[in-house]
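# Coordinate inspection notes
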Protein chains: 2
Amino acid sequence: MPQSLARIKKDFTEGLSQISRFWGFPKGMGAIFAALYLSPTPLSLDEIVAETGLTKGAISTEIRALARMGLVHRSTKLGDRKDYYEAEADFYAAIKSILRERQNSEFDRAVGSVKVALATMDENWVDNEEWKFTYKRVQALQEFFDAIDSLAKAVIKLEGLGLSNVSKVLGVLK
Amino acid sequence: MPQSLARIKKDFTEGLSQISRFWGFPKGMGAIFAALYLSPTPLSLDEIVAETGLTKGAISTEIRALARMGLVHRSTKLGDRKDYYEAEADFYAAIKSILRERQNSEFDRAVGSVKVALATMDENWVDNEEWKFTYKRVQALQEFFDAIDSLAKAVIKLEGLGLSNVSKVLGVLK
DNA sequence: TACTACGTTTAGTATTCACTAAACGTACAT
DNA sequence: ATGTACGTTTAGTGAATACTAAACGTAGTA
């Protein structure tokens, strides 16, 4: 017996919700994205309400986050007061967008604090073993963060290059 | 006036805690790692209690997660019943370990569900536009996950190659 | 002006989750 | 066996957070 499309969509949505939660996002966010991603046409807020069962309020706030990450796009129709949303289907573009967004985040402020710790030590140098050990460790972590940063920047700069190609390149490195 | 080491350590720990929280881990986990990372010698459970202010119970469970990810290592001393823990200082090795760990996670189960949805559609093919559209979308997402997967595998396989080198390689790609 | 159709904000609620305190299990020592 | 020094597990708590319901603001329409 053939499975209904509705069933497929439900399973798919379930999966995306779990993935969303796994990455620390609300699971409703995954559901919203799934609804948009599986829709051939852009959806209005109320249509998303119908699809996901969430309320307008929740969707309103969460879809703004999705838009900020570049995972969904907002559009309007002339003579129609509603907003319409559609999913970004190019995941590679989405990743780049997310990395860009992350650049000015809470994460970067925290990374900055490591840099500050290092600078503070530079200015107040004490010449004993414990001090030196601590300095080397903090420095190593800071270099690691720098590497992550330049890696993210490199990925952002890559043009029209799919993820699979990247992994192919890495595979050759040996 | 020279800043005390204790002060530096506190700031550093604060920063790592925030970073930990940012990535969806408990902030206590960041504090535990910071304590170990800044210690020249392996620490016992009770010493970590003293450093972080957390209780044994919390540390016991969270340090197991850290160990599973390869971020800390457990060791013992002969004639000493205590366990000792030290931080993995090679972050590149840690990343590889984390990627390996992720292989059998909740995330992969969710990804698997997408694969299942696709297989279900294969077996129950219906020839209309909506069906085809849905199929293509689900398929695209599945390919994306595959790409991520092979990327992770490629990174795991890389031997003795720092992150900075990887980003250098990507930078050349254009 | 009032009315309608929107999206957003807010106040309150339910649930998740990190963490504590304490009981527990275990291995070794006496 | 009794005690002691560990690590682990569990029951409970407080805080963070996702979400609901409803008030609100606003722009178009009569």
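Because the structure is predicted, anything quoted here is derived from the model rather than measured.

With that settled, consider the protein's contact with DNA strand C. Close contacts around DNA strand C come from 19 residues, with Ser60, Arg64 and Arg81 of chain A together with Thr55 and Glu62 of chain B the closest. In the environment of DNA strand C, a base nitrogen lies 3.1 Å from a nitrogen or oxygen atom belonging to the side chain of lysine 56 of chain A. Counting residues per element, the ones that place at least two in the surface near DNA strand C are α4 (56–68) of chain A together with α2 (27–37) and α4 (56–68) of chain B. A total of five residues in the surface near DNA strand C trace back to one element, the largest contributor, which is α4 of chain A.

Neighbouring residues of DNA strand D: 19 residues in total, closest Thr55 and Glu62 of chain A together with Ser60, Arg64 and Arg81 of chain B. Within 4 Å of the protein, atoms of DNA strand D come from sugar and phosphate in 65% of cases. One of the backbone N or O atoms of glycine 28 of chain A is found 3.2 Å from a phosphate oxygen in DNA strand D. Looking at the surface near DNA strand D element by element, the count peaks at five residues for α4 of chain B. Along the lines of polarity and charge, the residues of the surface near DNA strand D split into four nonpolar, six polar and nine charged.

Residue and element names in this part refer to chain B. Across two bridges, the pairing between strand β1 (residues 43–44) and strand β3 (residues 83–87) is antiparallel. Looking at β3, one finds that leucine 43 is bridged to tyrosine 85. Inspection of the sheet shows strand β2 (residues 72–76) paired to β3 by five bridges, in the antiparallel sense. By the bridge assignment, histidine 73 is partnered in β3 with glutamate 86. Taken together, β2 and the strand that follows it, β3, pair antiparallel across an intervening segment of six residues, in which glycine 79 is found at a positive phi of about 70 degrees.

Definitions and cut-offs
Residues numbered from 1 in each chain as written. Chains lettered and ligands numbered in written order. Predicted model: local features only at pLDDT ≥ 70, side-chain atom pairs only at ≥ 80, totals over all residues. Heavy atoms only, no water. Near = heavy atom within 4 Å. Polar contact = N/O pair within 3.5 Å; in protein donor to acceptor, adjacent residues only side chain to side chain. Helix = DSSP H or I, 4+ residues; strand = E, 2+ residues; numbered from the N terminus. Nonpolar A, V, L, I, M, F, W, Y, C, P; charged D, E, K, R; others polar. Pairing = 2+ DSSP bridges.

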